[in-house]
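Structure at a glance
Residue-level listing of the chains:
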Protein chains: 2
Amino acid sequence: MSNEKKVRAYTNIALIKYWGKRDDQLILPTSSSLSLTLDAFYTETSVSFDDSLEKDAFYLNETVQDEAATQKVSRFLNLFREQSGMKAPAIIKSTNYVPTAAGLASSASGMAALAGAANLATGLNLSPQELSIFARQGSGSATRSIYGGFVEWQKGTSSSDSYAVKVDDANWDIGMVVVVVNKKQKELSSREGMKLTVATSPFYQGWIDSTAVDLVNIKNAINDRDFEQIGAITESNGMKMHGTMLGANPPISYWEPDSVLAMQLVRQLRKKGIPCYFTMDAGPNVKVLCRLSDSEKIKTAFLDYFNEDQLIISGPGSDLKEITL
Amino acid sequence: MSNEKKVRAYTNIALIKYWGKRDDQLILPTSSSLSLTLDAFYTETSVSFDDSLEKDAFYLNETVQDEAATQKVSRFLNLFREQSGMKAPAIIKSTNYVPTAAGLASSASGMAALAGAANLATGLNLSPQELSIFARQGSGSATRSIYGGFVEWQKGTSSSDSYAVKVDDANWDIGMVVVVVNKKQKELSSREGMKLTVATSPFYQGWIDSTAVDLVNIKNAINDRDFEQIGAITESNGMKMHGTMLGANPPISYWEPDSVLAMQLVRQLRKKGIPCYFTMDAGPNVKVLCRLSDSEKIKTAFLDYFNEDQLIISGPGSDLKEITL
C-alpha cells in the first residue's frame, strides 16, 4: 500500500437550506440549496482495496468502528464497486479535523472525502460532477462538499442531474464564526427531522416555494458581492427552515438556551454596525456569517458569554483534493 | 359618585392562537381562536361620566396616565358614547391585579373590564355577546375575556358575528403555571408582529388552514375532557404560531434563552410522567398548561432554575363580573 492516497474534503454550511427529500433512497431533495464551504473543518480519507481481507474495515480517527458504522460505509462503497467491477473488501481510514472536539464532525465532509478516496482507489476517474452525484447518495449535504466557495446543489429531475455546481470561489472577505453550543448527540437525527417535517408541517409547501425565490436572490447577491443582502437572505432562509420544523407535529426544535443567546448577540452586533448574520442547522450550534476581517472582533464580543473553545473562526474552504502521503 | 361600580375581567391565554387580522380597524381576525381564562390575573375598572370634566381622565393603578394611553381609552369609550348618546367626559379608574410585577398586565382583561364598566356607566345593558363585540374593538384578545373557562372567539363574517362563546366552564382539574421570563417591554408589539407575519410569511396560509383543524380537534378534546389531547394540540398550535413568525421577513422571534429552558423543563417533566404542555404568546413568557393538582409539583421543579416570583399558579377564571364598592 505504498501508493495509498488520501482525499481531503471540507465541510459546508448551507445558507439556503436543504430540508426534505423527495426520494429517500436516492437522496433527491425537495428543493435546491446553496452553501459556503469552510476551511476549518475537513475530513481526510483513504480507501485501499485488499483481496486478503474478509470484509471492509473502517477506522475513524484511528479507531476501528462498529458494525453499524462500517455497514454504512460499505453500502456507500458498493456504489463504486458496482460501477468499477472491483469486488475486494477495503480498509477505509478516515480522520475528522475539527479545531476542538466540537461535535461538528460532519457527514458532509465525511461522505465527500470517502467518495473522493473511493474514486481514486477504484480508478474510476470520475468528474467532479459525477463525484457529486455519488457523494449525494451517502449524505445529501456531501453533494456540495465536492467544491469550495459558494456551491449550489441543483435538485435536478433525477439522480443523474441532481448534483452540485460552483457558484463563486468566495475568494473575497467572507467567513464564519461557528458558535459551538452543545456537543451532545442530537435527540432527533436530521434524517428523521426532515421526514417528520415533510409529512406533517402545514408550512412545507410555503417553505419549498419561498426557498426557490431565496436561491435566485442569493445568487444575484453573491454575483454582486452584496454581503448584507447575502446575510439577510441567509438569516431569513435559516429561520424559515426552523419555522417549518415548528410546524411539524409534534413540533421539532433543535434550539438550546445558548442558541437564542448567540442569535441575540448577532443582532446586537449588527445594531452596533458590524454586519453579521446567523444561521442554524439541525442542531443547537449557531453559525455567524461575517466579513472574515470582522471575525476576530465578533469572537471577542462572544467571549463575554462563551468560552474560547466554543468559538471557531473559518474562512472559505477549497475544492475536494488529493493528498499524497 | 356613590353608586360607582367596578367591573372585573380576567385575562385569558389562547390555546388556539389568534395571530393576524383581516380587518385592522374593526379587529376582525383571520382565524377563530380558543382560550382558557385565568383567575390569577385580572383588571378592575370603573367608568363615571361627569359633565363638569373638560375631558376624559384615565387612572391606571392610581396613577394618572399620559395623553397617548388616555386617547386609546377615549377612542374605545366613544363606541359606547355613540351607541348610548352619552356625551360627557369620564373618569376611568383601572387596577391591574397580578400576583407580582410580572409585566403580564394584559390588554385582554383591561379592555374587557373597560367594556363592562362602560356598559354599566352608559346603562346600555348589553348582552355578553354584544359586550364581546365591543371588547373586540379595543383589543382582539379581550373578545374572549368576557367569559370564564374555555372560550372560543368565532371569527365570524362581519363585526356583528365576530364574538366569543363559552365552550366549557373548565370546572375540572385544569390550570396553568405561568413562567415569567422577562418583564421588559417587547421590542415589537403583537399588533406590528401580526402585520408583518400576514404580509410576509410564506407559512401564513398553512397557519390559517391548520389552525381551523386544531380548533375542531381541541373542542372535541375539551368535550371529552381529554387533557393530554388538549395539551398536545395547545403545544403544537402555539409552536406553529411561532413558526409562522419565523417565516416572516425579517424573521420574528420573541424567545429568550430562558423561554427555551422553560420549554425543555416541560418536556422533561412530561417524560417523567407529569402531563404538562407549554404555550407562548408574543413575548418571552412560557405558560404551562397542567392539571391544577400537579401545579405545585411543577412549580417546585421549576424552582431549580427560576425564582419564586417568576412562577405563578392559576386556576380557571370566571365570567366578567360587576363588583359594587
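Residues numbered from 1 in each chain as written. Chains lettered and ligands numbered in written order. Predicted model: local features only at pLDDT ≥ 70, side-chain atom pairs only at ≥ 80, totals over all residues. Heavy atoms only, no water.

Rules: UniProt positions are given in the numbering used here, feature names are shortened, and annotations may be inferred rather than shown by experiment.
Going by what an unreviewed UniProt entry lists, chain A is known as diphosphomevalonate decarboxylase and is assigned to Carnobacterium inhibens. Listed under Sequence similarities (unreviewed entry) in UniProt, the entry text for chain A is "Belongs to the diphosphomevalonate decarboxylase family."

A look at the relation of the copies chain B and chain A
Filter applied, for reference: When the copies are superposed, the least-squares fit takes in the C-alpha atoms of residues with a pLDDT of at least 70 in both. Residue contacts follow a heavy-atom distance rule, with two residues in contact if any of their heavy atoms lie within 4.5 Å.
For the pair chain B and chain A, the best superposition has an RMSD of 0.0 Å and corresponds to a rotation of 180° with a translation of 0.0 Å parallel to the axis. Expressed as a symmetry operation, the mapping of one chain copy onto the other fits a two-fold axis. A shared binding surface is used by both copies, with 100% of the interface residues of chain B retained as interface residues in chain A.

Some details on unusual backbone geometry
Residue and element names in this part refer to chain A. The cut-off we apply is this: Working definition: helices are DSSP H or I runs of at least four residues, strands are E runs of at least two. Numbering for both runs from the N terminus.
Residue proline 250 is bonded to the preceding asparagine 249 through a cis peptide linkage, with omega at 0°. On the secondary structure map, proline 250 appears in the loop between helix H6 (227-246) and helix H7 (257-271). With phi around 55°, isoleucine 27 is a residue other than glycine that occupies positive phi space. Along the polypeptide, isoleucine 27 turns up in the loop between strand E2 (21-23) and strand E3 (28-29).

Structural notes on the pattern of salt bridges
The following threshold applies: For this analysis, a salt bridge means a side-chain nitrogen from Lys or Arg found within 4 Å of a carboxyl oxygen belonging to Asp or Glu. Relative accessible area decides the class of each residue, using a 1.4 Å probe on protein chains only: under 20% of the type maximum gives buried, over 50% gives exposed, and in between gives partly exposed.
Here the structure, examined in full by the defined rule, presents 28 salt bridges over all chains. For Lys287(A), the salt bridge is made with Asp281(A), and the minimal N-O distance between the two is 2.8 Å. By the burial criterion, Lys287(A) is buried, and Asp281(A) matches it. Close ionic contact of Arg81(B) with Asp56(B) constitutes a salt bridge, the shortest N to O distance being 2.5 Å. Here Asp56(B) lies in the loop between strand E4 (33-49) and strand E5 (57-60) and Arg81(B) lies in helix H1 (residues 67-84), a separation of 25 residues in the sequence.

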